[in-house]
Amino acid sequence: MIPKYIDSVQVKEILTWPLVNAAVEEALKAIDYSERDAANSEQSYKQQPSRTITTGGNASKLLLTMPGYVGNYNALNAKTNNDQLHCSSTLACKVVTSFTNNQNLQPPLPNILANVLLFDINTGELQCIMEGTQITAWRTAAASIVATKYLYMKRFPQQFQTPIKLAIIGCGVQGQSHALGMCATFNVSEIYLWNRTQFKADDLALKLQKLYLQNSMKIFVTKTPAEAVREAAVICIGTYSPNALINYDMLKSGDVHINTVGAGAVHFGEVSQDIYDNAVVYVDSLINARTELKDLKANIIGEIGQVIREDRRTENKCLTIYQSLGMAAEDATVAQAVYNAL
């Protein structure tokens, strides 16, 4: 079998937020590391093992390999362009490089570059090599969207109709994906954008203005992270900062949910310790958390997948954090949806 190659242009033509959100929700729901069921946890570990990380000389140059299997999940049929579901199983491996200096090149490249390998579920043959940088950006934002749905929006009777004020801290690739995905999925009444270099925030604001020209959504570019989060109920923060950009005193009182997708040597450096001290934390993968968040002093309740399966939280804390690490299962289900659509 000669594997098919699907480039970023083809991938982008197929990706939609309903498609990606549904695929990622199925991936999160499928993986269960619950210590209450050792046999189930062992099986999940085999289906979604911990990623491997290799440095390319220093911590600013990383190579990650992420294998994963998702079996018997419900997938949207992108070809029919409706909500028709079909049962699917996927075996895949994502290979990722994270080079923090790429943004400074001329011309600049994304800091994170990826390819997804899809294998025939019956024979193990390599079916497809798919450019995965777009998938990485979309699925990471989709995981935050799903976490926001289950950890925050379900606090309100009307859920998706409830207007929210949204803050985006960091307007790079992940900031843009989170802003676009959140605005496409939820009723965002106000969005606040901050970036270390303001021109990226300005560019994102312009893009949102064009997309939501007829919408009443208000868009603000702020001078500081504190200004961005002051009124925000949902905060998405995705930077390479090893130092805290937001602290507890900056947050509004009442219900607040934070999605943090920080990359680099310290995944949790961009959020201050006093926020973690007052919050409960959910992750996508406990097995990865035990390795990559071993130095994080926080109350990690469990995986977002358990909340999805039970359709409820096990606590009622006003301040919640979704600490995104990323799983190959998410890439697998999204890549399978793209492959099936061609």
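Everything quoted here is computed from the prediction, not taken from an experiment.

## Thoughts on the pattern of salt bridges
So, step 1. In total, this model carries 11 salt bridges according to the counting rule given.
So, step 2. Two residues, Asp331 and Arg139, come together in a salt bridge whose shortest N-O distance is 2.9 Å. Highlighted residues: Asp331 in helix α11 (residues 328-341) and Arg139 in helix α4 (residues 133-151), separated in sequence by 192 residues. The exposure classification of Asp331 matches that of Arg139, with both residues buried.
So, step 3. The partner of Lys165 in a salt bridge is Glu190, and the shortest N-O contact between them spans 3.9 Å. One end of the pair, Lys165, is in strand β7 (residues 164-169); the other, Glu190, is in strand β8 (residues 188-194), with 25 residues separating them in the sequence.

## Quick word on the pairing of strand β5 (residues 112-119)
Within a regular strand, side chains alternate between the sheet's two faces.
So, step 1. Here β5 pairs with strand β6 (residues 126-131) via 5 bridges, running antiparallel. Along β6, the bridge assignment pairs Val116 with Met130.
So, step 2. Here β5 hands over to β6 after 6 residues, with Gly124 in that stretch at a positive phi of 85 degrees.

## Brief notes about unusual backbone geometry
So, step 1. Here Gln106 and Pro107 are connected by a cis peptide whose omega angle stands at -5 degrees.
So, step 2. With respect to the helices, strands and loops of the structure, Pro107 is situated in the loop between β4 (85-99) and β5.
So, step 3. Within the chain, Asn72 stands out as a residue other than glycine whose phi angle is a positive 55 degrees.
So, step 4. With respect to the helices and strands, the residue Asn72 is situated in strand β3 (residues 61-76).
So, step 5. With relative accessibility at 62%, the residue Asn72 sits in the exposed group.
So, step 6. Positive phi, close to 55 degrees, is recorded for Asp311, a residue that is not glycine.
So, step 7. Counting through the fold element by element, Asp311 comes out in the loop between α10 (304-310) and β14 (319-323).

## Examining the domain arrangement of the protein
So, step 1. In terms of domain boundaries, the protein breaks down into domain 1 (4-135 + 330-341) and domain 2 (137-327).
So, step 2. Using only C-alpha atoms to locate each centre, domain 1 and domain 2 end up separated by 21 Å.
So, step 3. Together domain 1 and domain 2 conceal approximately 3,100 Å² of surface at their shared face, both sides included; 56% is due to carbon and sulfur atoms.
So, step 4. In this assembly, domain 1 and domain 2 are joined by 4 salt bridges.
So, step 5. A salt bridge links Lys149 to Glu25; the nearest nitrogen and oxygen atoms lie 3.2 Å apart.
So, step 6. At the junction of domain 1 and domain 2, the tally comes to 16 residue pairs in polar contact (both at pLDDT 80 or more).
So, step 7. Per-element tally for the side of domain 1 that touches domain 2: the top contributor is helix α2 (residues 17-30), with 8 residues.

## Focus: the environment of His267
So, step 1. Note on placement: His267 falls in the loop between β11 (256-260) and α8 (273-277).
So, step 2. Exposure remark for His267: the relative accessible area of 16% places this residue in the buried category.

## Section: α11
So, step 1. Between its first and last C-alpha atoms α11 spans 20 Å; for 14 residues at 1.5 Å apiece the expected length is 20 Å, and the two agree.
So, step 2. Burial runs high along α11: 11 of the 14 residues are buried.
So, step 3. Looking at α11, one finds that the buried residues are Ala328, Ala329, Glu330, Asp331, Ala332, Thr333, Val334, Ala335, Gln336, Ala337 and Val338.

## Structural notes on the nonpolar core
So, step 1. By size, the foremost hydrophobic cluster in this structure holds 67 residues, and its most contacted members are Met130, Ile191, Leu193, Leu208 and Ile304.
So, step 2. Per-element accounting of this core gives the leading share, 10 residues, to α4.
So, step 3. The residues contacting Leu208, other than those within four sequence positions of it, are Ala179, Leu180, Cys183, Ile191, Leu193 and Ile219.
So, step 4. One finds Trp194, Ile237, Leu296 and Leu319 within the second-largest nonpolar core, a separate group that totals 28 residues.

What counts and how
- Residues numbered from 1 in each chain as written.
- Predicted model: local features only at pLDDT ≥ 70, side-chain atom pairs only at ≥ 80, totals over all residues.
- Heavy atoms only, no water.
- Salt bridge = Lys/Arg side-chain N within 4 Å of Asp/Glu carboxyl O.
- Helix = DSSP H or I, 4+ residues; strand = E, 2+ residues; numbered from the N terminus.
- Buried < 20%, exposed > 50% of the residue type's maximum accessible area, 1.4 Å probe, protein only.
- Pairing = 2+ DSSP bridges.
- Domains from an automatic or database assignment.
- Buried area = accessible area lost by both parts, 1.4 Å probe.
- Polar contact = N/O pair within 3.5 Å; in protein donor to acceptor, adjacent residues only side chain to side chain.
- Expected span 1.5 Å × (residues − 1).
- Core = buried A, V, L, I, M, F, W, Y, C linked by side-chain atoms within 4.5 Å.
- Contact = heavy atoms within 4.5 Å.

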